[in-house]
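Spelled out from the first residue to the last, the chains are:
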Amino acid sequence: MSFDTLGLAAPLVRATVDLGWTKPTPIQLDAIPAARDGRDLLACAMTGSGKTGAFLLPLLHRLMDHPTRATRALVLTPTRELAAQVHADLVALAKHTKLSGAAIFGGVGMGPQEAAFRKHTDVIIATPGRLLDHMGQPGKYVDFSALEVLILDEADRMLDMGFLPAIKQVLRQIPTKRQTLFFSATLPPPIVELSKSMLKDPVRFNVERVSKPAAGIEQALWPVKESLKADLFLALLRADVIGNVICFTRTKHRANRLSDVLTRAGMPNAKIHGNRSQAQRTEALAGFKSGKVRVLVATDIVARGIDVEALEHVVNFDVPHLPEDYIHRVGRTARAEATGEAFTLVSPEEENDLRAIEKSIGRKLPRRTLEGFDYNHRPVERFEVPIAERIAAIRAKKAEDRARAKAKLERKAAAESQRGGKPSGSRPSGSGPVAGSRPSSSSAKGRRFGGRRGRS
Ligand code: AMP
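Heads up: these notes are all about the structure in this document. Counting from 1, residues in each chain are numbered in the order their sequence is written. With the structure being a predicted model, the display of local features is reserved for residues of pLDDT at least 70 and the display and counting of side-chain atom pairs for 80 or more, all residues being used for whole-chain, interface and lining totals. To obtain the side-chain values, all non-hydrogen atoms of the structure were used and water was disregarded.

Structural notes on the sheet that holds strand E12 (residues 313-316)
Two strands pair under a simple rule: DSSP has to find at least two bridges between them. Only DSSP runs of H or I with at least four residues qualify as helices, and only runs of E with at least two residues qualify as strands; both kinds are numbered from the N terminus onward. Spatially, six strands are ordered E8-E13-E12-E9-E11-E10 in an open sheet, and the strand pairing comes out parallel. The open sheet is flanked by strand E8 (217-223) and strand E10 (269-272), the only strands paired with a single partner. Each neighbouring strand pair of the sheet contributes to a mean axis angle of 20 degrees, computed without reference to strand direction. Across seven bridges, the pairing between E8 and strand E13 (residues 340-346) is parallel. If you follow Ala 220 over to E13, its bridge partner there is Phe 343. Any pair of residues with heavy atoms lying within 4.5 Å of one another is described as a contacting pair. Between N-to-C directions, angles span 0 to 180 degrees; the directions come from axes that are lines fitted to C-alpha atoms, helices contributing only their stretch in contact. Of the strands in this sheet, E8, strand E9 (245-248), strand E11 (295-298), E12 and E13 touch helix H10 (residues 229-238), which is tilted by about 155 degrees from E13. Set on the sheet, helix H13 (residues 323-330) makes contact with E8, E9, E12 and E13; between it and E12 the angle comes to about 150 degrees.

So, in structure tokens, the structure goes:
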């Protein structure tokens, strides 16, 4: 069965050929004809299943049918990374059409995003928080009056992240007469309830299926003491048991610590977590994709939505608390038909969480040990500093900074009183224009005023 047989417009089929997609994935086979016929969908699909193509292809087909100048589709996603990924897929699939898309998410300037709304971009792909920011702007430039299709991507994740009120708020401000495509990796009761309130007589797919990581992934466990996890991870990298890798940690602090350990060991790495700015996250991901950095250390926030071709390894530095998180992390590798390895470092304290995962995927995972690694050595340094100690260290540093600033002020005051001069902060009276002509301040002001003129 090929894409030709799904009744899609020729420019879309050409785009799938350009992407090297030879045949539709199962979710695409199910979803495309039903969505193309205008039906609502309730699809239980994981990352790696080809779900993005499953909703974008019928959407683009519909929009090509009768072009108008209005925003006609909205895709809601939980994370910035996923919004960017869906946008990238849209650009690739709409390559031979005139349709446009824009990704709208926080952490970057509002201006270009406002322009996308004002230009009546065909498809808006947004995270709920930033979308509401735009909808609340005084200019009232968000116009969804012509919206025909709403897509929820990873709905369960959006609820986990507390976006339910935001989604409800968006729903109140868009047309009720529309097609809705609802995608979720899992279907717990709150998701079923939300889907019922949004969907009309939906076609359901894969609802009964138990979630499992994609077939091509080889999974293994590396049991190790908590205190030796960083050493073992480094040893696996050095022994080339692991190639390029995304390594997930439980917390931002642990991500920072692991990145420090790798840096000190000379291992090129980058980190990506919720405390990093959008620019830092983009740079880290670009460095990893280009092969400049070998290890991308990440917290769960990026587990969904990152699509890196030919990713060899995913390492869970910590066992995820929830089986779904395990499946999503492991889904970063071996997407579609590639192959990959997913390793999990397991400390004795994590065996309980691991048992739940093994139960959920329906089998015991093989356990491996690294030959030549001393599993009983004393670590050179503690990996994680307890929170109380970290707070104490921050307080001590702040007290030290304050003392240093005070001593500096005192030294300055003493020096000035010796010279018999005035304190350095005061200016001679009537100094305005004169001060402005001093080289240092004039260049600073010149830059500032120059910038303003440039904008006006
Ligand atoms: P998704 O589940 O939408 O995140 O897609 C997972 C990966 O599979 C992405 O890298 C897609 O580009 C790729 N993909 C999607 N559909 C196909 C297909 N029909 N054939 C091959 N690869 C695909």
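Side note on the site of the ligand
Residue proximity to a molecule or strand is established when one non-hydrogen atom of the residue lies within 4 Å of it. As a matter of local geometry, the ligand sits amid 15 residues, with Lys 23, Gln 28, Gly 48, Gly 50 and Thr 52 nearest to it. The separation between a nitrogen atom of the ligand and a polar side-chain atom of Gln 28 is 2.9 Å. Polar contacts here mean pairs of N or O atoms no more than 3.5 Å apart (in protein, one a potential hydrogen donor and the other a potential acceptor; neighbouring residues in sequence count only if both atoms are side-chain atoms). Measuring from an oxygen atom of the ligand, one finds a backbone N or O atom of Gly 50 at 2.8 Å. Isolated, the ligand exposes 490 Å² of accessible area, and the fraction of that covered by the protein chains is 85%. For the shell around the ligand, the domains that each give at least three residues are domain 1 (3-205) and domain 2 (217-388). Method for areas: the Shrake-Rupley scheme with a 1.4 Å probe, in which residue coverage is limited to the protein chains shown. The source of the domain bounds is an automatic or database domain assignment.

A short note on the pattern of salt bridges
For salt bridges, the criterion is a side-chain nitrogen of Lys or Arg within 4 Å of an Asp or Glu carboxyl oxygen. Tallied over the full model, the rule gives 23 salt bridges. We note a salt bridge from Lys 397 to Asp 401, for which the minimum N-O separation is 3.1 Å. With a gap of four residues between them, Lys 397 and Asp 401 both fall in helix H15 (residues 387-419), about one helical turn apart. Taken together, the shared-partner salt bridges connect Glu 226, Lys 229, Arg 250, Arg 254, Asp 318 and Glu 350 into one network.

A look at the sheet that holds strand E4 (residues 123-126)
Taking strand neighbours across the sheet as the criterion, the seven strands line up as E3-E4-E2-E5-E6-E1-E7 in an open arrangement whose pairing is parallel. A strand with exactly one partner marks an edge of an open sheet, and here the two such strands are strand E3 (101-104) and strand E7 (203-205). Between one strand and the next, the sheet's axes are offset by a mean angle of 10 degrees, whatever the strand orientation. The strands that helix H2 (residues 26-36) touches are strand E1 (41-44), strand E6 (179-184) and E7; relative to E7, the one it contacts most, it runs at about 170 degrees.

Re the pairing of E6
With six of six residues buried, E6 is to be regarded as a mostly interior element. With a 1.4 Å probe rolled over the protein chains alone, any residue whose accessible area is under 20% of its type maximum counts as buried; one over 50% counts as exposed, and the rest are partly exposed. Residue alternation in E6 divides its side chains into two sets, Gln 179, Leu 181 and Phe 183 and Thr 180, Phe 182 and Ser 184, and both sets are buried. Two elements, E1 and E6, share four bridges in a ladder whose sense is parallel. Bridge pairing links Cys 44 to Ser 184 in E6. Strand direction decides the pairing type here: strand E5 (residues 149-152) and E6, joined by four bridges, are parallel. Its bridge partner lying in E6, Leu 150 is registered against Thr 180.

Don't take any of this as a statement about function, it's just geometry.
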